[in-house]
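The chain contents come next:
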Number of protein chains: 2
Amino acid sequence: MKNEIRVLGIDDSPFTFNDKFSDIIGVVMRGGSYIECVLKNTVEIDGDNSTDKCVDMINHTRHKLQLKAVLIDGVSFGGFNVIDTEKIYDSTCIPIITVTRDKPDFEKIKMALEKHFKDWEERYKLIMEGDLHEVKTVHNPIYVKCVGMTIKEAKEIIKISTIRGVIPEPIRVAHMIASGISRGESYGKA
Amino acid sequence: MKNEIRVLGIDDSPFTFNDKFSDIIGVVMRGGSYIECVLKNTVEIDGDNSTDKCVDMINHTRHKLQLKAVLIDGVSFGGFNVIDTEKIYDSTCIPIITVTRDKPDFEKIKMALEKHFKDWEERYKLIMEGDLHEVKTVHNPIYVKCVGMTIKEAKEIIKISTIRGVIPEPIRVAHMIASGISRGESYGKA
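Conventions adopted
Residues numbered from 1 in each chain as written. Chains lettered and ligands numbered in written order. Predicted model: local features only at pLDDT ≥ 70, side-chain atom pairs only at ≥ 80, totals over all residues. Heavy atoms only, no water. Pairing = 2+ DSSP bridges. Helix = DSSP H or I, 4+ residues; strand = E, 2+ residues; numbered from the N terminus. Axes fitted to C-alpha atoms, helices over the stretch in contact; angles between N-to-C directions. Contact = heavy atoms within 4.5 Å. Buried < 20%, exposed > 50% of the residue type's maximum accessible area, 1.4 Å probe, protein only. pLDDT = per-residue confidence, 0-100. Lys, Arg positive; Asp, Glu negative; His and termini not counted. Salt bridge = Lys/Arg side-chain N within 4 Å of Asp/Glu carboxyl O. Polar contact = N/O pair within 3.5 Å; in protein donor to acceptor, adjacent residues only side chain to side chain. Core = buried A, V, L, I, M, F, W, Y, C linked by side-chain atoms within 4.5 Å. Least-squares fit on C-alpha atoms with pLDDT ≥ 70 in both. Buried area = accessible area lost by both parts, 1.4 Å probe. Arc of directions from axis to C-beta.

Caption draft 1: Quick peek at the sheet that holds strand β9 (residues 142-147) of chain A. Across the sheet, which stays open at both edges, the 7 strands sit in the order β3-β2-β1-β4-β7-β9-β8 (chain A) with mixed pairing between neighbours. The open sheet has two free edges, formed respectively by β3 (34-44) and β8 (133-135) of chain A, since each of these has just one partner strand. If you compare each strand with its neighbour and ignore which way they point, the axes differ by 25° on average. Of the strands in this sheet, β2 (21-30) and β3 of chain A are in contact with helix α6 (residues 169-183) of chain B, which crosses β3 of chain A at around 25°.

Rendered as structure tokens:
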């Protein structure tokens, strides 16, 4: 795989209990170091439109045809607005890779969903979908799911787009922008 | 000068005639390629608080002590909210470099100011302050002013922080974020 591949990373902005919406920020990077584009959309906190907003972001950027994959931070945006990665792949034809730094505690997630959502089973089913892979890095392992490509290909894309630390640059930069515009100064994730 | 210097680039977001405020985005980069922080503040369109907002951004970032220089896109933010670079330098002790891609048309600027502002002379005086240097690049020249360092040092910082094209990365990335969050998708400047 070429080092100059283009990858879109997406993360959401932090929010408080008073907020109804959270921004999601997309960053198109070439080879994990050169930023080509910044995208913004908005999701409803604890709503169910993350999937559609991601599809919209991917399908409408002028960089779509060059995208090799979309890297997503976690499995939901705006709290428990859970992302249906299969549906994003079906609607965009771009492979989707989700990355989390910590191993998800599914029992804890289930309890939180049961407590707050009538449709908790649907949300939980989405979260549980697909195989979770522990991927070794130079530091701690990260936890990865992928749709539309093999885990071998996903690992290669993660390797190419990670410069320092364990988080791929498109996600790290999207996180910085999302937290910076929301709080005035970004906080780290490296 | 080391290649790993930290520089803050600042640019403002595009706005329409209905807007009263414009976001300014700051990006701290190491060596022109690694983003360390994203900052946001807001200025009044055609107001007079750009200087104070820049001082605030510089003095309050946790990266201040590492900053070698601040690169600013142009001489005003939010329309004609003119930046007093001498005052920023006096209030922060960080050298300031302003960069414009096109040679400023001072006669046109003067006419626009005269037409719209009672205090046009003050704003115009600020814009005219300092020596404007034409700096050669591999492509077209850029136009540079600097406070708190020599033009030789400013040129070196611009060279270190420019990766592709003629615009230093901290300004290019700040511009992308500012336009991306304002319009949903950034437009180019390279």
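Caption draft 2: Up close: the sheet that holds strand β9 (residues 142-147) of chain B. Residues and elements named next belong to chain B. With mixed pairing, 7 strands are arranged side by side in an open sheet as β3-β2-β1-β4-β7-β9-β8. This sheet does not close on itself; its edge strands, each paired only once, are β3 (34-44) and β8 (133-135). Averaged over all pairs of adjacent strands, the angle between their axes in this sheet comes to 25°, without regard to strand direction. Pairing of strand β2 (residues 21-30) with β3 involves 10 bridges; the strand directions are antiparallel. In the sheet register, Val-27 faces β3, and the bridge partner there is Val-38.

Caption draft 3: Seen up close, the pairing of strand β4 (residues 67-73) of chain A. All names here are of chain A. Buried residues dominate β4, accounting for 6 of its 7 residues. Summarising the sheet, strand β1 (residues 6-12) and β4 pair through 5 bridges and their orientation is parallel. Residue pairing for β4: Val-7 is matched across the bridge by Ala-69. When β4 meets strand β7 (residues 96-100), the two strands line up parallel, connected through 4 bridges. Counted as the bridge partner of Asp-73 is Val-99 from β7.

Caption draft 4: Highlighting the confidence of the model for chain A. When pLDDT is averaged across chain A, the result is 95; 98% of the residues are at 70 or more. Predicted as a complex, the structure gets a pTM of 0.95 and an ipTM equal to 0.94.

Caption draft 5: Summary view of the side chain of Lys-145 of chain A. All names here are of chain A. For Lys-145, the position within the fold is in strand β9. One buried charged side chain, Lys-145, makes no salt bridge at all; its nearest oppositely charged neighbour is Glu-129, positioned 7.8 Å away. Here the side chain of Lys-145 touches Ile-127 through a polar contact of 2.6 Å, landing on its backbone oxygen. Not counting the four nearest positions on each side in its chain, Lys-145 is found in contact with Ile-96, Ile-97, Thr-98, Ile-127, Met-128, Glu-129, Gly-130, Asp-131 and Leu-132.

Caption draft 6: Main features of the nonpolar core. Judged by nonpolar contacts, the single largest core of 22 residues is most densely connected at Ile-25, Ile-35 and Ile-177 of chain A together with Ile-25, Ile-35 and Ile-177 of chain B. Within the residue set of this core, elements represented by two or more residues are β2, β3 and α6 (169-183) of chain A together with β2, β3 and α6 of chain B. Excluding anything up to four places from it in sequence, Ile-177 of chain B contacts Val-38 and Ile-177 of chain A together with Ile-25, Val-27 and Val-38 of chain B.

Caption draft 7: Main features of the relation of the copies chain A and chain B. Of the transformation superimposing chain A on chain B, the axial component is 0.0 Å and the angular component is 180°, with the fit at an RMSD of 0.0 Å. The superposition operator between the copies reduces to a two-fold rotation axis. Measuring from the rotation axis to each C-alpha of chain A, the shortest distance belongs to Ser-33 of chain A, at 3.3 Å. When you check the interface residues of chain A against chain B, 100% turn up at the interface there too, and the contact is symmetric in its surfaces.

Caption draft 8: View of the interface of chain A and chain B. Across the contact, 29 residues belong to chain A and 29 residues belong to chain B. When the two sides are added together, the surface that chain A and chain B hide from each other amounts to roughly 2300 Å², 48% of it contributed by carbon and sulfur. The three residues of chain A that bury the most area against chain B are Tyr-34, Arg-164 and Glu-185 of chain A, which together make up 28% of that side's buried surface. The salt bridge involving Glu-185 of chain B is made with Arg-62 of chain A; its shortest N-O contact spans 3.1 Å. Put simply, chain A and chain B have 16 residue pairs in polar contact (both at pLDDT 80 or more) between them.

Caption draft 9: Quick look at the pattern of salt bridges. Summed over the entire model, instances satisfying the criterion amount to 16 salt bridges over all chains. Here Asp-119 of chain A and Arg-123 of chain A are joined by a salt bridge, their closest N and O atoms 2.9 Å apart. Asp-119 of chain A gets classed as partly exposed once you look at its relative accessible area, which sits at 27%. For Arg-123 of chain A, a relative accessible area of 10% translates into the label buried. Between Glu-36 of chain B and Arg-6 of chain B there is a salt bridge whose closest N-O contact spans 2.4 Å. In this pair, Glu-36 of chain B sits in strand β3 while Arg-6 of chain B sits in strand β1 (residues 6-12), placing the two residues 30 residues apart along the sequence.

Caption draft 10: Structural context of helix α1 (residues 50-60) of chain B. Looking at α1 of chain B, one finds that the buried residues are Ser-50, Thr-51, Cys-54, Val-55, Met-57 and Ile-58 of chain B. One side of α1 of chain B carries all its buried residues, which in axial view fall inside an arc of 165°.

Caption draft 11: Quick look at helix α2 (residues 85-92) of chain A. Residues and elements named next belong to chain A. Regarding α2, the residues found buried are Thr-85, Ile-88 and Thr-92. Along the long axis of α2, the arc covered by the buried residues comes to 55°, so they all point the same way. Where α2 ends, the next residue or the one after it, Cys-93, has phi of about 65°, a positive value.

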